[in-house]
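What follows is each chain in one-letter form.
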Amino acid sequence: MSTLPRRRFIQQSLFAAGSTLALVGRGMAAPSETMHAAVIGLGDRGRLLANQAAAVPGLKITWLIDADESRAKAALKIAPGAKVAQDMREALDDKEVDVVIIATCNHWHCLAAIWACEAGKDVYVEKPLGHNIMEQRRLIEATDHYKRIVQVGTQQRSDTVQEEIRQFLHDEKELGEIQYIRANRYGLRPPVPRTKSALKIPGSVDYDLWCGPAEKKKLHREKLHYDWHWDWNTGNGEMGNWGVHILDDVRNVGLADAVGLPKRLLVGGGRVLWNDAGQTPNVHFAYYDTGSIPVLFDLSNLSIKPGSKGEPAYMGTRSGYTVFCEGGRYSGGRGGGAAFDKDNKRIRKFSGNAGKGHMENFVDAVRQRKRSMLHADVVQGHYSSAWCELANVGYKVGGDYSREAAIEVNKSKAEWAELVDQANERLVNHGISLEDPAIKLSPVMDLDPESERFTGGLADKANGYLSCDYRPGFELPTVG
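Only a predicted model underlies this, so the values are computations on that prediction, with no experimental measurement involved.

Draft legend 1. Structural view of the overall build of the chain. Counting its regular elements, the chain contains 15 helices and 18 strands. Here the C-alpha radius of gyration of the chain, 22 Å, is about what a compact globule of 480 residues would show, namely 23 Å. Counting only C-alpha atoms, the chain reaches 60 × 55 × 45 Å along its principal axes. The buried share of the chain, taken over its 480 residues, is 58%. In the chain, the share of contacts with a sequence separation of at least 24, taken over all contacts with a separation of at least 6, comes to 71%. Measuring between centres, the 61 positive side-chain charges of the chain sit 4 Å from its 61 negative side-chain charges.

The structure is reproduced here in structure tokens:
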């Protein structure tokens, strides 16, 4: 267990005479000056980001941080000579560090990023932005207060094809007015095996630091790493893992970023068939009322039928979205897609690179001290992450499922009933249905987009899931 005291920066010491120039000045490096980076969290995603950072001219990785020391040491292949530590506060105390790249478990994202902002560092933080809506808003406050540059890892926003599709749909309006958007995440996941005895934490792991702000508890699963995604204590489920990418595309391309949060939503889903150590839904669907263009979302981690490796698809996409318009549709996902007329004839193809320049975009914005240059600023990352977190809240407050209640949110749109029925048909292939007791359905939930809180029935219960408790020593700092 780390013996380092918890970081508590205070405004008067941070902005004492001369220190403002020193901290901000480090972020104003000339193009030829080397900037120093700390990478925090070195699992698969962290190592990929470290490789991307190491390839950016003028950016040098000087710290490798992971509560699992073995993973930090393994990353020395990427950044030879970097300092290795388990506690991120060692790197945050280093005045030579200009930026931090965060790829920890979700429950650490916001606290680590806020600490970094307090320390005068700029931040690249993986998606989802956080573990809940409240802490994400706190990070935005810290970003503004400490005047930091914070990029979110929805890397497809750095793909120029997104702007091309957006212009095609909203400016050129080749397909006419948009009527609704259907998005989907279909990708197979295996169950998380449940173990009778508690997981023995590897000796290379400082488990107290690994848990950080989350509850420190015994785990009854086979693996510590990655499977944290499906534990509410540390992860956001498939909604926060892949759903955030797709819903970010929907917001950016389909809605032209005109909608922050929806006004109403209805959510259904559950964890079915597996009886495993995971907690988050493997079947999840949501209706989002934006006040303008309705958004329908469907998610499944199950195969088409038992014993098959086949994945469902919709309009040719497994992880993507379809924008339905008066004169046709656009269907695509990461890296591009195609537009079709009403006769299903392809009229235009769009191709991109899935956002390979995202890290460079972050570094360029840091060098020029222009937050406006970011392709995935913290505010947009917050909204897209929040859509996923709202769906998780809907699942948590849900009650018994009924088809009549499920389609009540928009009876005039047959496409929503079609999505619900298709979700049911896939379960029927596995010998169950949406009537299974494991499936929950929320009521129609009203949300005030300005306060980012639920109103009306079940509001108190639902709002209780917009934040969480933090362990002593890892509380969320107050900004200002």
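Still more ground to cover, so stick around.
Draft legend 2. View of the sheet that holds strand S1 (residues 35–40). In spatial order, the strands read S3-S2-S1-S4-S5-S6; together these six strands make up an open sheet with parallel pairing. Both outer strands of the open sheet, strand S3 (83–85) and strand S6 (150–152), are each paired with one neighbouring strand and no more. Neighbour to neighbour, the strand axes of the sheet diverge by 20° on average, direction disregarded. Note that strand S5 (residues 122–125) and S6 share three bridges and pair parallel. Bridge pairing links Val-123 to Val-150 in S6. Where helix H3 (residues 44–54) meets the sheet, it contacts S1, strand S2 (59–65), strand S4 (99–102) and S5, and its direction lies at approximately 155° from that of S2. Of the strands in this sheet, S1, S2, S4, S5 and S6 are in contact with helix H11 (residues 358–368), which crosses S5 at around 165°.

Draft legend 3. Structural view of the environment of Ala-258. As for its placement among the helices and strands, Ala-258 is situated in the loop between helix H10 (237–254) and strand S8 (264–270). For the pair Ala-258 and Val-397, spaced 139 residues apart in sequence, the C-alpha separation works out to 28 Å.

Draft legend 4. Summary view of the packing of helix H7 (residues 133–145) against helix H12 (residues 378–396). Packing of H7 against H12 leaves a shortest axis separation of 10 Å and a crossing angle of 175°. By the angle class used here, H7 and H12 are roughly antiparallel. Packed against H7, whose contacting residues are Ile-133, Gln-136, Arg-137, Leu-139, Ile-140 and Thr-143, the element H12 presents Val-378, Val-379, His-382, Tyr-383, Ser-385, Ala-386, Glu-389 and Leu-390 at the interface. Residues that form the contact of H7 with H12 fall into these classes: eight nonpolar, four polar and two charged.

Draft legend 5. Broad picture of the pairing of S8. Extensive coverage of S8 is indicated by the burial of six of its seven residues. Where S8 and strand S9 (residues 283–289) come together, seven bridges link them in antiparallel fashion. Note on S9: the bridge partner recorded for Gly-268 is Phe-285. Sheet analysis places S8 next to strand S17 (residues 445–448), joined by two bridges and oriented antiparallel. Within S17, the position partnered with Arg-264 by the bridge is Asp-446. Alignment of S8 against strand S16 (residues 440–441), held across two bridges, turns out to be antiparallel. Each residue of the ladder has a partner; that of Gly-269, found in S16, is Lys-440.

Draft legend 6. Fine view of H3. All of the buried residues in H3 are Gly-46, Leu-49, Ala-50 and Ala-53. Looking down the long axis of H3, one finds its buried residues gathered within 105° of arc, a one-sided arrangement. Of the surrounding elements, those touching the buried residues of H3 are S1, S2, S4, S5 and H11.

Draft legend 7. Spatial organisation of the pattern of salt bridges. This structure, assessed with the given rule, holds 28 salt bridges. One salt bridge in this structure joins Asp-257 and Arg-166, with 3.6 Å as the shortest N-O distance. Linking Asp-257 in the loop between H10 and S8 with Arg-166 in helix H8 (residues 160–172), this pair joins segments that are 91 residues apart in sequence. Classification of Arg-166 as partly exposed rests on a relative accessible area of 21%. One salt-bridge network, in which partners are shared between bridges, spans Arg-157, Arg-166, Asp-248, Arg-251 and Asp-257.

Draft legend 8. Geometry of H11. Counted residue by residue, H11 has eight buried out of eleven residues, so it is predominantly covered. Three or more residues of H11 are buried, namely His-358, Met-359, Asn-361, Phe-362, Val-363, Ala-365, Val-366 and Arg-367. At its buried positions, H11 is contacted by S1, H3, S2, S4, S5 and S6. In the stretch just after H11, Arg-369 is the one whose phi turns positive, near 55°.

Draft legend 9. Region of interest: the environment of Val-250. One can find Val-250 in helix H10. Taking C-alpha positions, Val-250 is 7.5 Å from Ala-183, a pair spaced 67 residues apart along the chain. Apart from residues lying up to four places away in sequence, Val-250 is in contact with Ile-181, Ala-183, Leu-255, Val-295 and Tyr-321.

Calculation notes
Residues numbered from 1 in each chain as written. Predicted model: local features only at pLDDT ≥ 70, side-chain atom pairs only at ≥ 80, totals over all residues. Heavy atoms only, no water. Helix = DSSP H or I, 4+ residues; strand = E, 2+ residues; numbered from the N terminus. Rg over C-alpha atoms; globule rule 2.2 N^0.38 Å. Buried < 20%, exposed > 50% of the residue type's maximum accessible area, 1.4 Å probe, protein only. Contact = heavy atoms within 4.5 Å. Lys, Arg positive; Asp, Glu negative; His and termini not counted. Charge placed at Lys NZ, Arg CZ, Asp CG, Glu CD. Pairing = 2+ DSSP bridges. Axes fitted to C-alpha atoms, helices over the stretch in contact; angles between N-to-C directions. Parallel < 35°, antiparallel > 145°, perpendicular 65-115°, else oblique. Nonpolar A, V, L, I, M, F, W, Y, C, P; charged D, E, K, R; others polar. Arc of directions from axis to C-beta. Salt bridge = Lys/Arg side-chain N within 4 Å of Asp/Glu carboxyl O.

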